[in-house]
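Structural characterization, general
Chain by chain, the residues:
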Amino acid sequence: YEGIGKIIRQKQKDIDASGKFADGRKGLMVLIKPTSKSVYKNVIDALDEAVINDVKKYAIVEPTNEEIGFIKTKRH
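Residues numbered from 1 in each chain as written. Predicted model: local features only at pLDDT ≥ 70, side-chain atom pairs only at ≥ 80, totals over all residues. Heavy atoms only, no water.

1. Focus on the overall build of the protein chain
Counting secondary structure elements, the protein chain contains three helices and two strands. Each helix (α) and strand (β) of the protein chain, taken in turn from the N terminus, gives the series α-β-α-β-α. Across its three principal directions, the C-alpha atoms of the protein chain cover 40 × 25 × 25 Å. The buried share of the protein chain, reckoned over its 76 residues, is 24%. Residue pairs at least 24 apart in sequence account for 66% of intrachain contacts in the protein chain once pairs closer than 6 positions are excluded. Total accessible area on the protein chain stands at roughly 6000 Å², and carbon and sulfur atoms take up 56% of it. (Helix = DSSP H or I, 4+ residues; strand = E, 2+ residues; numbered from the N terminus. Buried < 20%, exposed > 50% of the residue type's maximum accessible area, 1.4 Å probe, protein only. Contact = heavy atoms within 4.5 Å. Areas by Shrake-Rupley, 256 points an atom, 1.4 Å probe, with all protein chains shown as cover.)

2. Focus on the pairing of strand β1 (residues 29–32)
Taking every second residue as pointing to the same face, the buried face of β1 carries V30 and I32, while none of M29 and L31 on the other face is buried. In the sheet, β1 pairs with strand β2 (residues 57–60) via four bridges, with the strands oriented parallel. By the bridge assignment for β2, V30 is matched with Y58. Following the chain from β1 across helix α2 (residues 40–52) to the adjacent parallel β2, one finds a crossover that is right-handed. (Pairing = 2+ DSSP bridges. Right-handed = clockwise from strand over helix to strand, strands pointing away.)

3. Side note on the layout of surface pockets
When its volume is computed, the largest pocket comes out at roughly 260 Å³. Residue lining of the largest pocket: 13 residues in total, with I4, I32, K33, N42 and A46 positioned closest to the centre. Every element with two or more residues in the lining of the largest pocket is listed here: α1 (4–18), β1 and α2. The leading source of residues in the lining of the largest pocket is α2, at five residues. Looking at the lining of the largest pocket, its residues break down into nine nonpolar, two polar and two charged. (1 Å grid on protein atoms, 1.4 Å probe; cavity = no way out; pocket = protein on both sides within 12 Å on 5 of 7 lines; lining within 4 Å. Points joined across faces, edges and corners; volume = space filled by probe spheres on them. Nonpolar A, V, L, I, M, F, W, Y, C, P; charged D, E, K, R; others polar.)

4. Overview of the environment of Y40
Within the secondary structure, Y40 is located in helix α2. Residue Y40 is classed as exposed on the basis of its relative accessible area of 66%. Between the C-alpha atoms of Y40 and E2, which are 38 residues apart in sequence, the distance is 20 Å.

5. Things to note about the pattern of salt bridges
This model, assessed by the stated rule, comprises four salt bridges. In this structure, D16 engages R25 in a salt bridge whose closest nitrogen and oxygen atoms are separated by 2.6 Å. Residue classification places R25 among the partly exposed residues on the basis of a relative accessible area of 36%. Among the salt bridges present, the one from D45 reaches K41, with a minimum N-O distance of 2.8 Å. Pair noted here: D45 and K41 are both in helix α2, with a separation of four residues, about one helical turn. (Salt bridge = Lys/Arg side-chain N within 4 Å of Asp/Glu carboxyl O.)

Set out below in structure tokens:
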């Protein structure tokens, strides 16, 4: 499976391998930043992946103007 789940699993492996965090992968925090173009299903899918991959800390926050600008440049 490609997508956010794969990215979460890779970050968890990286955290475990680094040994820098006492909590290991439980210290991972995922920020979900939906834009005005996101649909409800996108947010729920991201939340589902966080839960499926046992992410203990996650939040839904607004993207910054800089992040929105970056996304716009990648769409063209």
